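Spelled out, the chains give:
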Amino acid sequence: MPKDLILYTTLGCSLCEKAKAEIWPLLEQFQLRLCEVDIADNPQLLDRFATRIPLVGLGDPEDVCGWPFDREQLQEWLLRRLPEL
C-alpha cells in the first residue's frame, strides 16, 4: 500500500501547481500517493505554513521539504527519509 506524500497547499496557489510538476514523476519511484492538504482548513497548519507553501512531507509537519525545490532536490529529500527504496 502506498504511503502518502502530503502536499501542503491552498486554493489558488500557482506555485503549488509548479511543485506538482516536480512531484508527479517521483510518486511511482518511491511508491507514494499524493495527498493534498489545504492549510486553510486547519488553523494550526495555516499559522505554521501560510507564507511557506508549497511544502511536502510524509506526515510529520516538523519535517517538510519547502519550495523552491526541483525534482532532484525532492528526490534526495525522499531518499534520506525512505532509504529502503
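Use the structure listed above.
Notes on the structure in this doc start here. (Residues numbered from 1 in each chain as written. Predicted model: local features only at pLDDT ≥ 70, side-chain atom pairs only at ≥ 80, totals over all residues. Heavy atoms only, no water.)

1. Overview of the overall build of the protein chain
In terms of helices and strands, the protein chain carries three helices and four strands. Along the protein chain, from the amino end to the carboxyl end, the secondary structure elements read β-α-β-α-β-β-α. What you see for the protein chain is a C-alpha radius of gyration of 12 Å, in line with the 12 Å of a compact globule of 85 residues. Within the protein chain, buried positions represent 36% of all 85 residues. (Helix = DSSP H or I, 4+ residues; strand = E, 2+ residues; numbered from the N terminus. Rg over C-alpha atoms; globule rule 2.2 N^0.38 Å. Buried < 20%, exposed > 50% of the residue type's maximum accessible area, 1.4 Å probe, protein only.)

2. Side note on the packing of aromatic side chains
If you walk through the whole model with that rule in mind, you get two aromatic pairs. Each ring, one from Y8 and one from F49, has its centre 5.0 Å from the other, and the planes form 50°; the classification is tilted. You can see Y8 sitting in strand β1 (residues 3-9) and its partner F49 sitting in helix α2 (residues 43-49), a full 41 residues away along the chain. An identical accessibility class is assigned to Y8 and F49; each is buried. (Phe/Tyr/Trp six-rings, centres within 6.5 Å; stacked < 30°, edge-to-face > 60°.)

3. Quick notes on the side chain of T9
Relative to the assigned elements, T9 resides in strand β1. Owing to a relative accessible area of 8%, T9 belongs among the buried residues under this scheme. The contact partners of T9, leaving out residues within four places of it in the chain, are C16, E36, V37, D38, I39 and I53. (Contact = heavy atoms within 4.5 Å.)

4. Thoughts on the state of the cysteines
Evaluation of the coordinates by the stated rule reveals one disulfide. Residue pairing for C13: its cysteine sulfur links by disulfide to C16, the two sulfurs lying 2.3 Å apart. Taking the sign of the S-S torsion, 80° for the link of C13 and C16, the bridge is right-handed. Take C13 and C16: they sit in the same class, and that class is buried. Here C35 stays free of any disulfide, with the sulfur of C16 as its closest cysteine sulfur at 14 Å. (Disulfide = S-S within 2.5 Å.)

5. A few points about helix α1 (residues 14-27)
Along its 14 residues, α1 runs 20 Å from first to last C-alpha, staying within 8% of the 20 Å computed at 1.5 Å per residue. For α1, every residue scored as buried is listed here: C16, A19, K20, I23, L26 and L27. Its buried side turned inward, α1 meets β1, β2 (32-38), β3 (55-57) and α3 (71-81). (Expected span 1.5 Å × (residues − 1).)

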